[in-house]
Structures are given as C-alpha cells and as structure tokens.
Amino acid sequence: LSHPRVALLCPFVAMSRGDFGGRSGSPFDSAGPAFGRPAGGFSTGSIGRDGDSEYIRINNRVSANVTQISNNVAAIQRMSNQLGGSLDGPELRNKLVNIQKSTADLAKETAACLKQLGRLDGGSNTETQQRQLQQKRLMDSFSQVLSRFKAVEKSVAEKQRVYVEKAKRTASFSREQDSS
C-alpha cells in the first residue's frame, strides 16, 4: 500500500509498468530510450512492512532515474558535438531541447524521491544504518550525474550562443552586400 505523501512527492513510485505506457519488458516508455522515463514495476520480493515496500520502490525509482539521467547526459553530449556541423538543423535542436527538458524533469523527480526516502522509517538501528548508507550512495551518484548534466547543458548553451552570433553576423554581412 502506498503512503499518500509518497505519491504526492514522488508520484511514479507506486505505479506499475502499464501506468507508464511502456512495452512489456522494455525499461522505457514510448518516447524511446534516448530520453524516456524508466518503467515502473520493479520486483520488491517478500516484504514484511509497508514501509519496506515503499522504501524499496522509491530506492529503485531513484536508481533507475540516476541511470536514465546518465544515459541522457551522454546523448546530449553526442548531440552537442553535432551542433554547427553537417547534421545540425531544426530536428537535432528540437531533440536536444526535448531531452534536456526530460532530463531536468527526471532530476526534479529524483530530488523529491530522495527527500521522501530520507523520511521513511528504517525500523531497527541496523536497518536504519544500512538505509542511510544506501541513501548516501544514491545521493552521491545523483550529485555526480547532476553535475555532469549541468556541465553539458552549459556547453550546449555556449555552442548555441556562438551559433546565433555567427548567424547574426552572416545575416548582417548578407544585408550589407545586398545594399551595395
């Protein structure tokens, strides 16, 4: 059973694979692996308390999101390398914007899930310590991938700025040639 506050802060943790519109056995929804959301429906095994199953679902969601963000960052980097080249065009730039937005949304969701994860009761002292260690690892992984995302976004913004300046100069030069 899902805790209502978990569903509000981290809405995807209580959903099954079908709730995401994903194909059976596919870890991504119909948007495709380049920037789709990881599918739900993770196996929780035999769980004794509701808090345990919630913890495991949220933990799995965060882990899947971190992996997806990392994959998206790699895709953004590949697309960024194509900016200004022969493959550059509106389609590439639209894909780039979409994947950046999707990745930012995943990052927000993941941050909310991490906060909720820290609020769940761990039970015994040993279990609480294990959960805290696991949460720290997840937070570290998320922090690293978020730093990479911010760096690649900055790089993309700079390439786009240079492209716009070059286009303005070309348009200005073209107008000067026409008026001569």
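Residues numbered from 1 in each chain as written. Predicted model: local features only at pLDDT ≥ 70, side-chain atom pairs only at ≥ 80, totals over all residues. Heavy atoms only, no water.

Colleague: An account of the overall build of the protein is needed here, citing residue identities and associated values.
Modeller: A tally of regular secondary structure across the protein gives four helices and zero strands. Beginning at the N terminus, the succession of helices and strands in the protein can be written as α-α-α-α. Burial status across the protein gives 34% buried among its 180 residues. (Helix = DSSP H or I, 4+ residues; strand = E, 2+ residues; numbered from the N terminus. Buried < 20%, exposed > 50% of the residue type's maximum accessible area, 1.4 Å probe, protein only.)

Colleague: Hey, could you go over the nonpolar core for me, with residue numbers and the actual values?
Modeller: Across soluble globular proteins, nonpolar side chains have a tendency to be buried as a group. Counting 25 residues, the largest nonpolar core has Val-62, Ile-69, Ile-76, Leu-96 and Phe-142 as its most contacted members. If you list the elements that add at least two residues to this core, you get α2 (50-82), α3 (90-119) and α4 (125-179). Broken down by element, this core gets its largest block of residues, nine residues, from α2. Every residue in contact with Ile-69, bar those within four places of it in the chain, is listed here: Thr-103, Leu-106, Ala-107, Thr-110, Phe-142 and Val-145. (Core = buried A, V, L, I, M, F, W, Y, C linked by side-chain atoms within 4.5 Å. Contact = heavy atoms within 4.5 Å.)

Colleague: Can you lay out the pattern of salt bridges for me, pointing to particular residues and giving the numbers?
Modeller: Two side chains that carry opposite charge are able to pair once their charged atoms sit near each other. Going through the model one piece at a time under the given rule, you end up with 10 salt bridges. Across the pair Arg-131 and Glu-127 runs a salt bridge, and its minimum N-O distance is 3.2 Å. Placement of both Arg-131 and Glu-127 in helix α4 is noted, with a separation of four residues, approximately one turn of the helix. Here the salt bridges do not stand alone but share partners, grouping Asp-52, Glu-127 and Arg-131 into one network. (Salt bridge = Lys/Arg side-chain N within 4 Å of Asp/Glu carboxyl O.)

Colleague: Hey, could you go over the confidence of the model for the protein for me, with residue numbers and the actual values?
Modeller: Summary statistics for the protein give a mean pLDDT of 77 and a share of 67% for residues scoring 70 or more. Note that residues 1-9 has pLDDT below 50 and, in this model, 19 contacts with residues that lie over four places away or in other chains. (pLDDT = per-residue confidence, 0-100.)

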